[in-house]
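One-letter residues, chain by chain:
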Amino acid sequence: MSPVPPIVHIAAAAAAVFAALTVMPAITPDLPSSEPGVSQPRGLSGPGDPDSLMADGSFSKALADISDQLGGDDVTALDVTPAKITVDTGPSGSGTYPD
């Protein structure tokens, strides 16, 4: 029996494992999170902080980002803190749209 076929099979299996661990994560797209939302880095001093999501410009930009994440769903609940906005969604017609 020739030792070449088992060596080739072992090399092919090693190459497949290498590709699965390195190449596949690099080429697969990042899927969106389960619920839309926006968050700021930690270290905010409170709602009056200029980087807070409750600040005028930040809030409107965050709502625009959330609108892009919604797809065809409507907003059923909106929770706003200085560092994070979380949104619960439902099918179209069950809530409102951020605009």
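Residues numbered from 1 in each chain as written. Predicted model: local features only at pLDDT ≥ 70, side-chain atom pairs only at ≥ 80, totals over all residues. Heavy atoms only, no water.

## Some thoughts on the overall build of the protein
Okay, so step 1: When helices and strands are tallied, the protein shows two helices and three strands.
Okay, so step 2: Long-range contacts, defined as pairs at least 24 residues apart, comprise 47% of the intrachain contacts of the protein with a sequence gap of at least 6.
Okay, so step 3: Accessible area for the protein stands at about 7000 Å²; split by element, carbon and sulfur atoms hold 63% of it. (Helix = DSSP H or I, 4+ residues; strand = E, 2+ residues; numbered from the N terminus. Contact = heavy atoms within 4.5 Å. Areas by Shrake-Rupley, 256 points an atom, 1.4 Å probe, with all protein chains shown as cover.)

## Brief notes about the environment of Asp 79
Okay, so step 1: Here Asp 79 shows up in strand E2 (residues 74–80).
Okay, so step 2: Every residue in contact with Asp 79, bar those within four places of it in the chain, is listed here: Lys 84, Ile 85 and Thr 86.

## Digging into the confidence of the model for the protein
Okay, so step 1: Per-residue confidence for the protein gives a mean pLDDT of 77, with 70% of residues at or over 70.
Okay, so step 2: Mean pLDDT values over the elements of the protein span from 68, in strand E1 (residues 37–39), up to 91, in helix H1 (residues 4–27). (pLDDT = per-residue confidence, 0-100.)

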